[in-house]
Amino acid sequence: SRSITNKYSTVVYAAYIVNFQYGGSDKWVGAYLMEDGVNKVYFGEMGGQDQKLGVHPAGGSHGGGTTLSAGTGNDYVVILKYDISADHAYVSSFQIGTESIPEDEPASWDVDYDNVNADGGGFWINGIKLEAGGGTDVTPGNVYFDEVRMGGSWTDVTGGNVVDAP
């Protein structure tokens, strides 16, 4: 995990590139947004699902409909927006070499989750932790993360460099 100097208290964006070797349920590959070292919001390939993008509060579960395919050549940029003030999280993925990352924040996202902080009270985000694992006898195999970013806007995490599909 990595703590950051900024404490986001209204809106935070986070992004990473990921590739994982194996599909199957009861495994996960993604990241947690954190407050002072405590997991708050997970986004990525969901445990209990098979190669599905999702977002949920720490300890919760919420699957998505978008597929994140395992294996060689299936590299994805995963981008999260967490509106802390509205307590709503959004996540989308873009397959490198196949899908373009839009220059501007999309009007709709692949998956969203309302009431992330169901226990009430506000919190801020000041860290991120990459995580991959699985249940008994289950593994995502080799997992590769790259270009982990956090910021206060879409442009902060996309770098303003739009990646176009070929």
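Structure report, in brief. Since the model is a prediction, treat every value here as computed from it, not as a measurement.

**Some details on the overall build of the protein**
Okay, step 1: The secondary structure content of the protein amounts to 1 helix and 10 strands.
Okay, step 2: When the elements of the protein are put in sequence order from the N terminus, they spell out β-β-β-β-β-β-β-β-β-β-α.
Okay, step 3: Buried residues in the protein amount to 43% of all 166 residues.
Okay, step 4: Pairs at least 24 residues apart make up 65% of the contacts formed inside the protein by residues separated by at least 6 positions.

**Details of the sheet that holds strand E6 (residues 76-83)**
Okay, step 1: Spatially, 5 strands are ordered E8-E7-E6-E2-E10 in an open sheet, and the strand pairing comes out antiparallel. What marks the edges here is a single partner per strand, and that holds for strand E8 (111-114) and strand E10 (143-151). Taken over all neighbouring pairs, the strand axes of this sheet differ in orientation by 15° on average, direction set aside.
Okay, step 2: In this sheet, strand E7 (residues 88-95) lies alongside E6 in antiparallel orientation, the contact comprising 8 bridges. Residue Tyr-76 lies in a different strand from E7, and its bridge partner there is Gln-95.

The rules behind the values
Residues numbered from 1 in each chain as written. Predicted model: local features only at pLDDT ≥ 70, side-chain atom pairs only at ≥ 80, totals over all residues. Heavy atoms only, no water. Helix = DSSP H or I, 4+ residues; strand = E, 2+ residues; numbered from the N terminus. Buried < 20%, exposed > 50% of the residue type's maximum accessible area, 1.4 Å probe, protein only. Contact = heavy atoms within 4.5 Å. Pairing = 2+ DSSP bridges. Axes fitted to C-alpha atoms, helices over the stretch in contact; angles between N-to-C directions.

All we've got here are geometric facts, nothing functional implied.
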